[in-house]
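For reference, the chains in residue letters:
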There are 2 protein chains.
Amino acid sequence: MFDPACPSNAMPIKIGDKWSAAIIRCLEDGPRRFSEFQIPLRGITTKVLTGSLRSLERDGLIERTVYPEVPLRVEYTLTPLGRTLLEPLDAAAAWARQHMPALLAAREEYDRRTV
Amino acid sequence: MFDPACPSNAMPIKIGDKWSAAIIRCLEDGPRRFSEFQIPLRGITTKVLTGSLRSLERDGLIERTVYPEVPLRVEYTLTPLGRTLLEPLDAAAAWARQHMPALLAAREEYDRRTV
DNA sequence: CAGAATCCCACGTGATACTG
DNA sequence: CAGTATCACGTGGGATTCTG
């Protein structure tokens, strides 16, 4: 899941910052805890994860719930507003399936010509 | 057109780099010359415009045609591949119309609470 | 467990000046 | 007209270490 070697950085359509789209995907099937993101999002640091989570929370796209247990537990869930992003997210994925190969081919061709 | 004061930087859905979406919009009704972009895209520098144009050309989204006249004339047009981006672009605009107010409101609310 | 605190670097963006 | 050449800067992303 979320292979860092995939050419998603070449995607012309982006949702939020570098990790937001993946975070939203992680949440579409239910709530998740902070440390659970670090499994599928291999390599993300706590600082960056916190930053992305805060940003999404600020925009009302996810909700942060603290359970004052010991040890501490924090859960993140998609808000209804956040769920509306799943549609454009799917649209972007559909576009990618249809046109990314052509884009990548054009890019290779261009690079080969200009060296 | 393309008011720099509009909250498009808050948009979670982005196409390409900072100016790409606007450039594509500029081209949807026909070809344009280099200097013609600088009118609607107020404030873009020649260096940045060149960079964005090159990037779009590299990905096969636009085509650059040089007419060896005096003075020199260069025209940019959308390729069929580039035209496929108009659909997600419209979808993003539709999303913005429906949900950006809620996002902005959530953001304001969040900022007011945290100070 | 869920982060906060620091330090650091690359890169996207931009201002300014110059050229075939 | 359509760029190129420099220089400069903020910030998003990351590595590492520490804490309630």
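Residues numbered from 1 in each chain as written. Chains lettered and ligands numbered in written order. Predicted model: local features only at pLDDT ≥ 70, side-chain atom pairs only at ≥ 80, totals over all residues. Heavy atoms only, no water.

Details of the packing of aromatic side chains
Residue and element names in this part refer to chain A. The final tally for this structure, using the stated rule, is two aromatic pairs over all chains. Here the aromatic rings of Phe37 and Tyr76 are separated by 6.1 Å at their centres, their planes lie at 65 degrees, and the arrangement is edge-to-face. Highlighted residues: Phe37 in helix α2 (residues 34-37) and Tyr76 in strand β4 (residues 73-78), separated in sequence by 39 residues. Residue Phe37 shares its accessibility class with Tyr76, and that shared class is buried. Sitting above the plane of the Tyr67 ring, Arg73 keeps its charged end 4.1 Å from the centroid. (Phe/Tyr/Trp six-rings, centres within 6.5 Å; stacked < 30°, edge-to-face > 60°. Helix = DSSP H or I, 4+ residues; strand = E, 2+ residues; numbered from the N terminus. Buried < 20%, exposed > 50% of the residue type's maximum accessible area, 1.4 Å probe, protein only. Lys NZ or Arg CZ within 6 Å of the ring centre and 35° of its normal.)

A short note on the side chain of Ser52 of chain B
All names here are of chain B. Within the secondary structure, Ser52 sits in helix α3 (residues 46-58). Polar side-chain contacts of Ser52 include one of 3.2 Å to the side chain of Asp17. Apart from residues no more than four positions distant in its own chain, Ser52 is found in contact with Asp17, Trp19 and Ile23. (Polar contact = N/O pair within 3.5 Å; in protein donor to acceptor, adjacent residues only side chain to side chain. Contact = heavy atoms within 4.5 Å.)

Some words on the relation of the copies chain A and chain B
Rotating chain A by 180 degrees about the axis while translating it 0.0 Å along that axis superimposes it on chain B, leaving an RMSD of 0.0 Å. This pairing of chains is accounted for by a two-fold axis. No C-alpha of chain A approaches the rotation axis more nearly than that of Lys14 of chain A, which lies at 2.5 Å. Take the interface residues of chain A: 100% of them recur as interface residues in chain B, which is what a same-surface contact looks like. (Least-squares fit on C-alpha atoms with pLDDT ≥ 70 in both.)

Here's the deal with the nonpolar core
Membership of the largest hydrophobic core comes to 60 residues, with the highest contact counts inside it found for Ile23 and Phe37 of chain A together with Ile23 and Phe37 of chain B. Contact partners of Phe37 of chain B, with chain neighbours within four places excluded, come to Ile23, Cys26, Leu27, Arg32, Leu49, Leu53 and Tyr76 of chain B. (Core = buried A, V, L, I, M, F, W, Y, C linked by side-chain atoms within 4.5 Å.)

Looking at the pattern of salt bridges
The tally for this structure, following the rule as stated, stands at 16 salt bridges over all chains. It is possible to trace a salt-bridge network through shared partners that takes in Arg25, Glu28 and Asp90 of chain A. (Salt bridge = Lys/Arg side-chain N within 4 Å of Asp/Glu carboxyl O.)

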